[in-house]
Amino acid sequence: MSTSDAAGSTTSNGAASGKSVEGSNHAGDLPALDILRQGIDKCDREIIRLLNKRMKICQQIGQSKGRMLALEAKKKEIIGKTADKKDGPKQVYRPAREKLVFDKVSRINGGLPGPLTDIAVKAIYREVMSCSINLQQPTTIGYLGPTASSSHTAAVSRFGASMGYKPIESTAEILEQIKRGDISYGVVPFGNSHAGMESNTLDELAGTAMKVYAEIEIPTKYLLLSSSKSSTNTNDWHKAIKTVYGSQLLLKECRTWLQVNLPQANHVTTHSTESAYTRAKKEGPTTAAVGTQLAADVCGLSVLSEGIENRVSTSRFFVISQVCEPPSGEDKTFVMFSLRDAQGALFVALKALKEEGINLTNIESRPSGSKAWDYNFFVRMDGHEQDKNIRAALEHLKKVCSYVRVLGSYPANKHDSK
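Definitions and cut-offs
Residues numbered from 1 in each chain as written. Predicted model: local features only at pLDDT ≥ 70, side-chain atom pairs only at ≥ 80, totals over all residues. Heavy atoms only, no water. Axes fitted to C-alpha atoms, helices over the stretch in contact; angles between N-to-C directions. Helix = DSSP H or I, 4+ residues; strand = E, 2+ residues; numbered from the N terminus. Left-handed = near helix turned anticlockwise from the far one by under 90°. Contact = heavy atoms within 4.5 Å. Buried < 20%, exposed > 50% of the residue type's maximum accessible area, 1.4 Å probe, protein only. Pairing = 2+ DSSP bridges. Arc of directions from axis to C-beta. Disulfide = S-S within 2.5 Å. Core = buried A, V, L, I, M, F, W, Y, C linked by side-chain atoms within 4.5 Å. Salt bridge = Lys/Arg side-chain N within 4 Å of Asp/Glu carboxyl O.

Draft legend 1. Seen up close, the packing of helix H5 (residues 171–180) against helix H6 (residues 199–206). In the contact formed by H5 and H6, the axes pass within 9 Å of each other and the chain directions differ by 35 degrees. As H5 runs across H6, the sense of the crossing is right-handed. For the pair H5 and H6, the contacting residues are Thr 171, Ala 172 and Leu 175 in the first and Asn 200, Thr 201, Glu 204 and Leu 205 in the second.

Draft legend 2. Layout of helix H10 (residues 273–283). Residues of H10 that are buried: Thr 273, Ser 275, Ala 276, Tyr 277 and Ala 280. Looking one or two places after H10, you find Gly 284, whose phi comes out positive at around 95 degrees.

Draft legend 3. Molecular detail of the side chain of Thr 243. Tracing the backbone through its elements, the reader meets Thr 243 in strand E7 (residues 243–246). Judged by relative accessible area, which is 15%, Thr 243 ranks as buried. Sequence-distant contacts of Thr 243, that is, excluding residues within four places in its chain, are made with Ala 265, Asn 266, Val 268, Thr 286, Thr 287 and Ala 288.

Draft legend 4. Focus on the sheet that holds strand E12 (residues 331–339). With respect to topology, four strands assemble into an open sheet ordered E13-E14-E12-E15, the strand pairing being antiparallel. If you trace the sheet from one side to the other, it starts and ends with strand E13 (360–367) and strand E15 (401–411), each paired once. Averaged over all neighbouring strand pairs, the angle between strand axes comes to 15 degrees, with direction disregarded. When E12 meets E15, the two strands line up antiparallel, connected through nine bridges. Counted as the bridge partner of Thr 333 is Ser 409 from E15. Relative to the sheet, H6 contacts E12, E13, strand E14 (375–382) and E15, its axis offset from that of E13 by approximately 80 degrees.

Draft legend 5. Region of interest: helix H4 (residues 150–159). Taken residue by residue, H4 has Ser 151, His 152, Ala 154, Ala 155, Arg 158 and Phe 159 as its buried positions. The buried residues of H4 occupy one face: seen down the axis, they fall within an arc of 160 degrees.

Draft legend 6. Highlighting the sheet that holds strand E8 (residues 266–269). With mixed pairing, five strands are arranged side by side in an open sheet as E8-E7-E9-E6-E10. Only two strands of the sheet have a single partner each, and these edge strands are E8 and strand E10 (302–306). Put simply, the sheet's adjacent strands are angled 30 degrees from each other on average, direction ignored. Bridge analysis of strand E6 (residues 223–226) against E10 gives four bridges, and the strand direction is antiparallel. Across the sheet, Leu 224 pairs through a bridge with Ser 305, a residue of E10. Together, E6, E7, E8 and strand E9 (287–291) form the strand contacts of H10, whose direction differs from that of E9 by roughly 155 degrees.

Draft legend 7. The arrangement of the state of the cysteines in detail. Inspection of the entire model under this criterion finds zero disulfides. Cysteine Cys 58 shares no disulfide, and the gap to the nearest cysteine sulfur, in Cys 131, comes to 8.1 Å. Look at Cys 58 and you get buried, because its relative accessible area is 8%.

Draft legend 8. Broad picture of the nonpolar core. Ile 174, Leu 205, Val 212, Phe 318, Ile 320 and Phe 334 are the most contacted members of the largest nonpolar core, which has 20 residues in total. Those elements giving two or more residues to this core turn out to be H5, strand E3 (185–192), H6, strand E11 (313–321), E12 and E15. Ranked by the residues each element gives to this core, the list is headed by H5, at three residues. Discounting chain neighbours no more than four positions away, the residues touching Val 212 are Leu 205, Phe 318, Val 319, Ile 320, Phe 334, Leu 407, Gly 408, Ser 409 and Tyr 410.

Draft legend 9. Quick look at the side chain of Ser 302. The residue Ser 302 is located in strand E10 in this model. Owing to a relative accessible area of 14%, Ser 302 belongs among the buried residues under this scheme.

Draft legend 10. Focus on the pattern of salt bridges. Here the structure, examined in full by the defined rule, presents 18 salt bridges. When the shortest N-O distance is used, the salt bridge between Glu 46 and Arg 49 registers 2.7 Å. Of this pair, Glu 46 and Arg 49 both sit in helix H1 (residues 32–78), separated by three residues, roughly a single helical turn. Here Glu 46 falls in the partly exposed class, since its relative accessible area comes to 37%. Linking Glu 215 and Arg 380 is a salt bridge whose minimum nitrogen-to-oxygen distance equals 2.9 Å. On the criterion of sequence distance, the pair formed by Glu 215 in strand E5 (residues 211–220) and Arg 380 in strand E14 is long-range, its members being 165 residues apart. Among the charged side chains, a salt-bridge network with shared partners connects Glu 173, Glu 176, Arg 180 and Asp 182.

Geometry only, nothing functional implied.
Rendered as structure tokens:
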């Protein structure tokens, strides 16, 4: 009888030896490592079978959604009602549904004795969800900046590797392409825990009907990248690097580490991060660039050192769509309002929110551009625009403000307290 894949080995006469496969030395037995690998192969075949089964169900869900939408459109046509603009196109990516799936697999994993961590399970299911969404409907994500920009990194962290990605030069163009339907969603920077809100994003959102659909939060991590193949465990490259390329922002964010660890290197500012990666790759092992892990993967650069940023920070990004996400039970709402020219106007506006028991997590002001010293206020609050207290507060704001608009409601990050 051959050796069993079960715990412990089995002798040729069928009696349990009590020894692990590592200790099996019986004549004719396969080496223990080969047996373990056979077990992995068996698991892999079953995983692939189940993944394909899951994807077929996802395709059926997509087809079912399509039939439901067609039936709804037909009903509206019969009664002479045109589609409501706020309905927008079919949304295959649903942040609230994604959150439910992640919570479900986390609970399942927590009830099992296996060694998989919660982070690992969510990373695996990020790609499962990515493939599922793209099978239902091919999806393209537009992001601000060149390839491997911070917005690109944020987009991949949320949408996974199966989506199509498109670099776009400006936030205004991202909003326009969403409106035209050229891209499914857009990813733009919202702010940084040290640097504050991104003013350009706020200004562009103020002038568009597009909505904030979800929020992405990632730690800001920078690496030193090079075409050199030197190991990060050796110090040879410290002496070899003569020039470090990077955008003005990235060089500033890593200045302390660069001065301490590469005092001999010249810091050269490039017009973009993409240009920095290109020059570091082209000019060889005496040059390096400040960048991200995504840049290393996409541009074929080696990582010389990690964690070279001056201080740890967190960056937030908005996912932009044509519509808002329905309530999930744990949401954020982003609102813009303009004040009337009256004494205590801001106090009156904020009092309306306080009286409804609404917790504000951010407030920022930007020049409105309509006249001198006139400002738009942007507030981010707990709750969804369909919640009773939020609706009441918005109605009160409309009475005391010259202009009020909801920029979006979306599921809150689970750990988000600010």
